[in-house]
Amino acid sequence: MTYVVTDACIRCKYMDCVEVCPVDCFYEGENMLVINPSECIDCGVCEPECPAEAILPDTENGLEKWLELNRVYSESWPNITQKTDVPADADEMKGVEGKFEKFFSAEPGTGG
């Protein structure tokens, strides 16, 4: 089992999860984070830290797409180990439906 980041993270990117991850398995895209499933130790400490409720265990039904997206982008986006500034409109974007289709960017973040 591993944890995955879903589209609820897009344009929220609160990064509280990054601060608590003991193995630094988060990677930063322009407007969302992903988890490297090979590095995640399934400890679960990140899940309750996410205000957007974007982190879920991959054992939940229907998360295959997100597992693959996390795997693919964690291989090319930079690792992030410290919380940085949250997007100004994060609270407004929290809970918005269809964020992947509307706002996903494959561009990398800055990492750090």
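For the structure, see preceding data.
Quick caveat, the model's predicted, so the values are computed rather than measured.

**Q** What's the story with the pattern of salt bridges in this structure? I'm lost.
**A** Two side chains carrying opposite charge are able to pair once their charged atoms lie near each other. Scanning the model with the defined rule gives five salt bridges in all. For the salt bridge of R71 with E68, the shortest nitrogen-to-oxygen distance reads 2.5 Å. Highlighted residues: R71 and E68, both in helix α2 (residues 64-74), separated by three residues, approximately one helical turn. The exposure class assigned to R71 is partly exposed, which follows from its relative accessible area of 33%. When its relative accessible area of 39% is taken as the criterion, E68 is described as partly exposed. The shortest N-O distance in the salt bridge between E75 and R71 comes to 3.1 Å. When its relative accessible area of 57% is taken as the criterion, E75 is described as exposed. Connected through salt bridges with shared partners, the residues E68, R71 and E75 form a single ionic network.

**Q** It is not clear to me how the packing of aromatic side chains should be interpreted in this structure. Could you clarify?
**A** A ring pair, where both rings are aromatic, is described by two values, the distance of the centres and the angle of the planes. Enumeration over the complete set of coordinates arrives at five aromatic pairs. Judged by centre distance (4.7 Å) and plane angle (35 degrees), the rings of Y73 and W77 are tilted. According to the relative accessible area criterion, W77 is buried, its value standing at 4%. Within the aromatic cluster, the residues linked to one another by ring pairs are W66, Y73, W77, F100 and F104. Sitting over the face of the ring of F103, R11 holds its NZ or CZ atom 4.6 Å from the ring centroid.

Thresholds, definitions, all that
Residues numbered from 1 in each chain as written. Predicted model: local features only at pLDDT ≥ 70, side-chain atom pairs only at ≥ 80, totals over all residues. Heavy atoms only, no water. Salt bridge = Lys/Arg side-chain N within 4 Å of Asp/Glu carboxyl O. Helix = DSSP H or I, 4+ residues; strand = E, 2+ residues; numbered from the N terminus. Buried < 20%, exposed > 50% of the residue type's maximum accessible area, 1.4 Å probe, protein only. Phe/Tyr/Trp six-rings, centres within 6.5 Å; stacked < 30°, edge-to-face > 60°. Lys NZ or Arg CZ within 6 Å of the ring centre and 35° of its normal.

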